[in-house]
Amino acid sequence: MDIGWYLAVSALIFCVGAAGVLTRRNPLVILLCLELMLNAANLALVAFARMHGDAGGQVFALIVMVVAACEVTVGLGLIVAIHRRRLPVYVDELTELRG
């Protein structure tokens, strides 16, 4: 399969994720859309690594997945903490986190 197809699918997934980040106000949906964007970048990295016959892109994609998992963990922890304090969970209404 040609690398162009992988890049086209990657660009499509990235655009769907970017549209979700720009249009949605729910933090959970925003986190999911950010994950879509990171997975699209991972697909492009793996496609380029396969094209060049190098494993470096695959290793870098694995590192990006670990960072994305950490980001989701921290983000979900913040959302749960905000929800427990009965604060609004919409991005437009959140201005700052108070301790």
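Residues numbered from 1 in each chain as written. Predicted model: local features only at pLDDT ≥ 70, side-chain atom pairs only at ≥ 80, totals over all residues. Heavy atoms only, no water.

Notes on helix H1 (residues 3-23)
Think of an α-helix as 3.6 residues a turn; residues three or four steps apart then line up on the same face. Between its first and last C-alpha, H1 extends 30 Å over 21 residues, near the 30 Å set by a 1.5 Å rise per residue. Residues of H1 that are buried include every one of Ile 3, Ser 10, Gly 17 and Gly 20, and no others. Here the buried residues of H1 occupy an arc of 120 degrees about the axis, which is enough to place them on one side. Opposite the buried face of H1, at more than 90 degrees from it, the exposed residues are Trp 5, Leu 12, Cys 15, Leu 22 and Thr 23. Summarising the contacts, the buried residues of H1 are in contact with helix H2 (27-52). (Helix = DSSP H or I, 4+ residues; strand = E, 2+ residues; numbered from the N terminus. Expected span 1.5 Å × (residues − 1). Buried < 20%, exposed > 50% of the residue type's maximum accessible area, 1.4 Å probe, protein only. Arc of directions from axis to C-beta. Contact = heavy atoms within 4.5 Å.)

Here's the deal with the confidence of the model for the protein
Chain-level statistics for the protein give a pLDDT mean of 85 and a share of 86% at 70 or above. Mean pLDDT in the protein bottoms out at helix H3 (residues 56-84), which sits at 86, and peaks at H1, which reaches 95. (pLDDT = per-residue confidence, 0-100.)

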